[in-house]
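These are the residues of each chain, in order.
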2 protein chains.
Amino acid sequence: MNVTGLLLLIEAAAIVSCIPFSIFYSDEALVPLIITALVTSSAGFLLWFFNRGSARDTLGKREGYVIVSASWVIFSFFGALPFYLSLESISFTDAFFETMSGFTTTGATILGDVASLPLGLLYWRAFTHWLGGMGIIVLSLAILPLLGIGGMQLFVAEVPGVTKDKLHPRIKETAKRLWGLYILLTVVQTAFLMAGGMNLHESLCHAYATTATGGFSTRNGGMMEFSPYIQYVTVVFMFLAGANFTLHYYLLKGKLKTIWSNDEFRFYLFLVLTATTFITIGLINKGELGIEPSFRHAVFQVVSIMTTTGFVSDDYLLWPGSLWFILFMLMFVGGSAGSTGGGIKVVRHLLLLRNSRLELRRLVHPMAVIPVRLNRKAVSETVIYKVTAFFLIYAFTVVTGTFILTLFGIDFQTSIGAVAASIGNIGPGIGMVGSIYNYGFLPDVVKWILSFLMLLGRLELFTVLILFSPSFWKN
Amino acid sequence: MNVTGLLLLIEAAAIVSCIPFSIFYSDEALVPLIITALVTSSAGFLLWFFNRGSARDTLGKREGYVIVSASWVIFSFFGALPFYLSLESISFTDAFFETMSGFTTTGATILGDVASLPLGLLYWRAFTHWLGGMGIIVLSLAILPLLGIGGMQLFVAEVPGVTKDKLHPRIKETAKRLWGLYILLTVVQTAFLMAGGMNLHESLCHAYATTATGGFSTRNGGMMEFSPYIQYVTVVFMFLAGANFTLHYYLLKGKLKTIWSNDEFRFYLFLVLTATTFITIGLINKGELGIEPSFRHAVFQVVSIMTTTGFVSDDYLLWPGSLWFILFMLMFVGGSAGSTGGGIKVVRHLLLLRNSRLELRRLVHPMAVIPVRLNRKAVSETVIYKVTAFFLIYAFTVVTGTFILTLFGIDFQTSIGAVAASIGNIGPGIGMVGSIYNYGFLPDVVKWILSFLMLLGRLELFTVLILFSPSFWKN
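Keep in mind the model is a prediction, meaning the values are calculated, not measured. (Residues numbered from 1 in each chain as written. Chains lettered and ligands numbered in written order. Predicted model: local features only at pLDDT ≥ 70, side-chain atom pairs only at ≥ 80, totals over all residues. Heavy atoms only, no water.)

### Side note on the overall build of chain A
- Scanning chain A for helices and strands turns up 21 helices and two strands.
- Taken over C-alpha atoms, the radius of gyration comes to 22 Å for chain A, in line with the 23 Å a tight globule of 475 residues would show.
- Principal-axis analysis of the C-alpha atoms places the extent of chain A at approximately 70 × 65 × 50 Å.
- Looking at the 475 residues of chain A, the share that counts as buried comes to 61%.
- Of the contacts made within chain A by residues no fewer than 6 positions apart, 70% connect residues no fewer than 24 positions apart.
- Here chain A displays about 17,900 Å² of accessible surface, and carbon together with sulfur accounts for 68% of that area.
- For chain A, the centre of its 31 positive side-chain charges and the centre of its 25 negative side-chain charges are spaced 16 Å apart. (Helix = DSSP H or I, 4+ residues; strand = E, 2+ residues; numbered from the N terminus. Rg over C-alpha atoms; globule rule 2.2 N^0.38 Å. Buried < 20%, exposed > 50% of the residue type's maximum accessible area, 1.4 Å probe, protein only. Contact = heavy atoms within 4.5 Å. Areas by Shrake-Rupley, 256 points an atom, 1.4 Å probe, with all protein chains shown as cover. Lys, Arg positive; Asp, Glu negative; His and termini not counted. Charge placed at Lys NZ, Arg CZ, Asp CG, Glu CD.)

### With respect to the interface of chain B and chain A
- Taken together, the contact pairs 48 residues of chain B with 49 residues of chain A.
- Both faces considered, chain B and chain A share a buried interface measuring about 4,200 Å² in area, 77% of it formed by carbon and sulfur atoms.
- Area buried by chain B at its contact with chain A is led by Leu363(B), Tyr385(B) and Phe412(B), which between them contribute 19% of it.
- If you look at where chain B meets chain A, you find two salt bridges.
- Lys386(B) is the partner of Glu359(A) in a salt bridge, and the nearest nitrogen-oxygen pair spans 3.5 Å. (Buried area = accessible area lost by both parts, 1.4 Å probe. Salt bridge = Lys/Arg side-chain N within 4 Å of Asp/Glu carboxyl O.)

### With respect to empty space enclosed by the protein
Residue and element names in this part refer to chain A.
- Applying the stated criterion to the full structure yields four cavities of 30 Å³ or more.
- Looking at the largest cavity, its volume works out to about 40 Å³.
- Lining the largest cavity we find Ile136, Leu139, Ser140, Leu144, Ser339, Lys345, Arg458 and Glu460.
- In terms of residues, the lining of the largest cavity owes the most to one element, helix H7 (residues 119–147), which gives four residues. (1 Å grid on protein atoms, 1.4 Å probe; cavity = no way out; pocket = protein on both sides within 12 Å on 5 of 7 lines; lining within 4 Å. Points joined across faces, edges and corners; volume = space filled by probe spheres on them.)

### Looking at the nonpolar core
- Counting residues in hydrophobic clusters, the biggest one holds 295 residues, and the most contacted among them are Trp124(A), Phe328(A), Tyr439(A), Leu450(A), Trp124(B), Tyr439(B) and Leu450(B).
- In contact with Leu450(A), not counting residues within four places along its chain, are Phe97(A), Leu405(A), Ala418(A), Val419(A), Ser422(A), Tyr439(A) and Leu442(A). (Core = buried A, V, L, I, M, F, W, Y, C linked by side-chain atoms within 4.5 Å.)

### Quick notes on the relation of the copies chain B and chain A
- If you rotate chain B by 180° and push it 0.0 Å along the axis, it lands on chain A with an RMSD of 0.0 Å. What we have between these two chains is a two-fold relation.
- Most of the interface of chain B is mirrored in chain A, where 100% of its interface residues again form contacts. (Least-squares fit on C-alpha atoms with pLDDT ≥ 70 in both.)

### Some words on the pattern of salt bridges
All names here are of chain B.
- Under the counting rule described, the total for this entry stands at 24 salt bridges over all chains.
- With its nearest N and O atoms 2.7 Å apart, the salt bridge here joins Glu460 to Arg348. Residue Glu460 is found in the loop between helix H19 (444–458) and helix H20 (462–465), and its partner Arg348 is found in helix H16 (residues 346–364); the two are separated by 112 residues along the sequence.
- Of the residues examined, Glu460 reaches a relative accessible area of 2% and is grouped as buried.

### A few points about the packing of aromatic side chains
- All chains considered together, the criterion is met by 81 aromatic pairs over all chains.
- Of note, Arg348(A) hangs over the ring of Phe390(A), and the distance from its end group to the ring centre comes to 3.5 Å. (Phe/Tyr/Trp six-rings, centres within 6.5 Å; stacked < 30°, edge-to-face > 60°. Lys NZ or Arg CZ within 6 Å of the ring centre and 35° of its normal.)

### Some points on the packing of helix H16 (residues 346–364) of chain A against helix H17 (residues 381–407) of chain B
- It is at 10 Å that the axes of H16(A) and H17(B) come closest, and there the two elements cross at 115°. Classified by chirality, the crossing of H17(B) by H16(A) is left-handed. Contacts between H16(A) and H17(B) involve Leu352(A), Leu353(A), Asn355(A), Ser356(A), Glu359(A) and Arg362(A) from the first element and Tyr385(B), Lys386(B), Ala389(B), Leu392(B), Ile393(B) and Phe396(B) from the second.
- Here the residues of the contact of H16(A) with H17(B) sort into seven nonpolar, two polar and three charged. (Axes fitted to C-alpha atoms, helices over the stretch in contact; angles between N-to-C directions. Left-handed = near helix turned anticlockwise from the far one by under 90°. Nonpolar A, V, L, I, M, F, W, Y, C, P; charged D, E, K, R; others polar.)

### Section: the packing of helix H4 (residues 61–79) of chain A against helix H6 (residues 92–103) of chain A
All names here are of chain A.
- Orientation of H4 relative to H6, taken along the N-to-C sense of each, is 130°, at an axis distance of 8 Å. Accordingly, the angle class assigned to the pair H4 and H6 is oblique. The crossing of H4 and H6 is right-handed. Across from Trp72, Val73, Phe75, Ser76, Phe77 and Gly79 in H4, the residues of H6 making contact are Phe92, Phe96, Thr99, Met100 and Phe103.
- For the contact of H4 with H6, a count of residues per class yields eight nonpolar, three polar and no charged. (Parallel < 35°, antiparallel > 145°, perpendicular 65-115°, else oblique.)

### Here we look at unusual backbone geometry
- Within the chain, Thr308(A) stands out as a residue other than glycine whose phi angle is a positive 65°.
- Note that Thr308(A) resides in the loop between helix H14 (291–306) and helix H15 (321–330).
- Phi at Lys345(B) takes a positive value of approximately 90°, unusual for a residue other than glycine.
- Inspection of the secondary structure puts Lys345(B) in the loop between helix H15 (321–330) and H16.

### Some details on the side chain of Thr414(A)
- Within the secondary structure, Thr414(A) sits in helix H18 (residues 412–423).
- Contact partners of Thr414(A), with chain neighbours within four places excluded, come to Ile430(A), Gly431(A), Met432(A), Val433(A) and Phe441(A).

### Considerations on a nonpolar patch on the surface
Residue and element names in this part refer to chain A.
- Residues Val31, Ile35, Val39, Tyr84 and Leu85 make up a contiguous nonpolar surface patch of roughly 410 Å² in combined accessible area.
- Of all the secondary structure elements, the ones that give two or more residues to the nonpolar patch are helix H3 (30–51) and helix H5 (81–86).
- When residues of the nonpolar patch are assigned to their parent elements, the largest contribution, three residues, is made by H3. (Patch = residues over 30% accessible without salt bridge, like charges linked within 9 Å, V, L, I, M, F, W, Y side chains within 5 Å.)

### Quick word on the environment of Tyr394(A)
Residue and element names in this part refer to chain A.
- Secondary-structure assignment places Tyr394 in helix H17 (residues 381–407).
- Expressed as a C-alpha distance, the spacing of Tyr394 and Leu9, which sit 385 residues apart in the sequence, is 34 Å.
- The contacts of Tyr394, once residues within four sequence positions are left out, are Phe332, Gly343, Ile344, Ile423, Gly424 and Leu461.
- One polar contact links the side chain of Tyr394 to the main-chain amide nitrogen of Gly424, over a distance of 3.5 Å. (Polar contact = N/O pair within 3.5 Å; in protein donor to acceptor, adjacent residues only side chain to side chain.)

### Digging into the environment of Val364(B)
- Along the chain, Val364(B) turns up in helix H16.
- Residue class for Val364(B) comes out partly exposed when judged on its relative accessible area of 22%.
- Once residues lying within four places of it in the same chain are set aside, the contact partners of Val364(B) are Ile466(A), Ser471(A) and Phe472(A).

### Topic: the environment of Phe328(A)
Residue and element names in this part refer to chain A.
- Here Phe328 is to be found in helix H15.
- Residue class for Phe328 comes out buried when judged on its relative accessible area of 6%.
- Measuring from C-alpha to C-alpha, the distance between Phe328 and Gly417 comes to 8.0 Å, with 89 residues separating the pair along the chain.

### Section: helix H1 (residues 2–16) of chain A
- With 15 residues, H1(A) extends 21 Å between its outermost C-alpha atoms, agreeing within 8% with the 21 Å of an ideal straight helix rising 1.5 Å per residue.
- By the burial criterion, the buried members of H1(A) are Asn2(A), Thr4(A), Gly5(A), Leu8(A), Glu11(A), Ala12(A), Ala14(A) and Ile15(A). (Expected span 1.5 Å × (residues − 1).)

### Focus: the confidence of the model for chain A
All names here are of chain A.
- The predicted model of chain A has a mean per-residue pLDDT of 89, with 93% of residues at 70 or higher.
- Throughout residues 156–168 the model reports pLDDT below 50, and contacts reaching past four residues in sequence, or to other chains, amount to 19 contacts.
- Across the interfaces of the predicted complex, the ipTM metric reaches 0.86, alongside a pTM of 0.90. (pLDDT = per-residue confidence, 0-100.)

### Concerning the side chain of Ser217(B)
Residues and elements named next belong to chain B.
- If you trace the backbone, Ser217 turns up in the loop between helix H9 (200–211) and helix H10 (228–241).
- Among the polar contacts listed, one links the side chain of Ser217 to the backbone nitrogen of Arg219, at a separation of 3.2 Å.
- When sequence neighbours within four positions are dropped, the list of residues in contact with Ser217 reads Val114, Leu122, Arg125, His206, Gly222 and Phe311.

### A closer look at H15(B)
- Burial runs high along H15(B): eight of the ten residues are buried.
- Among the residues of H15(B), Ser322(B), Leu323(B), Trp324(B), Phe325(B), Ile326(B), Leu327(B), Phe328(B) and Leu330(B) are the ones counted as buried.
- Buried positions along H15(B) lie against H17 and H18 of chain A together with helix H13 (263–286), helix H14 (291–306) and helix H18 (412–423) of chain B.

### Overview of the state of the cysteines
All names here are of chain B.
- The full count for this structure, using the stated rule, is zero disulfides over all chains.
- We note that Cys18 lacks a disulfide partner, and the nearest cysteine sulfur, in Cys205, lies 8.9 Å from it.
- When its relative accessible area of 0% is taken as the criterion, Cys18 is described as buried.
- The exposure class of Cys205 is buried, given its relative accessible area of 2%. (Disulfide = S-S within 2.5 Å.)

Now the structure itself:
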């Protein structure tokens, strides 16, 4: 509870940082933001004050699991207040959905008309992405590997300067480096966007949403309303945000060979290029767009969906069925491990593909031990096991979620689209929650279910599901 | 080639057995049947004659794989002749699709108006199911376990009188017993159907299609055209055909306890009952049907789809979305292992569900060895490994297949429906290939792709895929 108190104080500080925008634009979100900051900091202070006795160093594994899931939920409850207090027409369900969607870097919105929102509130909305992304970077590269979630330990083997047995120094050191990169990416993108004629507010909001692979925009038409230059800049930074952040070190140090020898990165690039080529040809064939716009929308949507950002540069549901089906499949691929992207992750697909191919070799040579290799090293069976379990639980959750949504009379495509886009932390799905639509029309219960799915997907399933396992609570 | 020759002679004999019906009803299929019998037996005799030197006993694993896949393809080529020669409007693609659909016990048809077909031909059509089912029983309970395909060795551990090291006696002995049961089921069902007023021809055709979980009917409206009595009888026999055939022994011997202690059977029953209850309530709620018809159509469609038979008693696509979505999900469950049903199989789902649940326990106790249990015995990691690989390759094939179909301009629902219904050996899918429609309108290439998927699904994926693995062909 000590930790949660401190986290709430951080959230309060984050809310305070939105206030200057509200003052500058003298909008109606000022008072709600101030109230939220006060409420959040008071709650945080009280939690910290009454628990300051309990030593932080004794944090066990179980407490770790609980704090991780609880943080996102508690953050969303407090973070929903500015929406709830600023907007008359919004229910608390909607406000919570929007905030959870922000903190999980999903980007699914219940707001049809974002352009009319107070600019201070829009800034907070984008900032929830950024904070969520920051949390995820640390979670996926420092905490989850230690907890052994879904084979994640694999993906950080190459983080420089990591020692396995020391929790504190490791998290601190890793977090510092990664956040430095994260901030650098955001700053550079903001500069590039401003160079393209965006003002500071919009540049920051879109840079936050990009670096965190979130997807909230400040415009009703999203990225459709911006110039090709802005769209291309966004593609580059979405691609970077969807790559393993440890690779960014190597990029900065000029070690391109090391990046190139990373199997996941190569597969990530391969998928982006293949899907882009395919969709570009399809769009050119369709004949409505020229070569450049076809390529631009293809690469934009492929990178946006695959990195689970969810920005929209063109209404992809109007594309031929085979083209949006590619995007729909990419929803299940997701970003790289150790990126801010969600979904199943590129490396898991790579491992499973390799394992499936080897399974045939194993049939031919039943006595031979044929391990899956990643970055030239043999991957242990336990990891493959965890990865397949992850994949299966993911699939099972999508199917069950889709079924539950159809119970509310929602059609099949919308149901599977909403579920895939929520658990994958993408944002726009297919059907009635596709490209240019929003989640506002869904029943309240469905919004809570989807909020849960966002959390589930964002925290790599096991982190959340383990809380529902009886053996977790036994001593 | 020796074996293939003998198999072709068997097929010729099967075709000859259809001739009496053609003579009795003096229909136009008589000459085509005779020609096919002559062509097939000549081909079979030649193959046998020129290969009689090669000893049968030296059949290796590799030859085994090749013969299994080749048999279904060669059988379908020759078996397509009666369709091709009898019907003026049919292309060879269509005839092949129909026959492959028959031999793989799928039951997907390209024929819109089956009622107008020559009765001798209809008899052959149903008979392809029956022969295919016979092949599958032996394959899944005697041959695949020996080859170690997809963890199948697990499911026959309890076959009485099986010795592991002797191939020949085992296959022979097991095959004899199973075929006895298979014939018994067919005869008893035929009697029950005739008692309900069906004539011998229709009773036999439907009994063949039921025992093999095929699904070809002799009526345009399928099972909708028959009485509730006939429908209930069919439900019972579909259920039996979808259960592990080794359990039928125990049924005959009155060992009900042994059946009840079989985990797969209990899960199979559980799924049928749950889905039926759910759909019955849904249909009653909809208000168009009374309680009895609601229950009848619910149990009929649940058992029909889950056992991958594919008979239709009501146009389920007109049901509320959540109800047909249950059926759609059941398409991926399939029958029990060691039954004539296709799909992923109940036991694989059971193992994966249990493994996923245990994965959470393993997270809590990372050092403990926690094996999955089936029928109170620990299941080896290798088997779980094979089962997950099977599941993943199945999912991957469905996604890829769906994508390929959308390339032909076929809509998403029809594409995924056709692919799921083909690889699962079900027959009717959703969308334009749903309940009351047929596959006739699809482009030729798509029909060949779906034929391939039927074969792939029927032969448990690996049996076919291994033929495409380079290491298989290396010495």
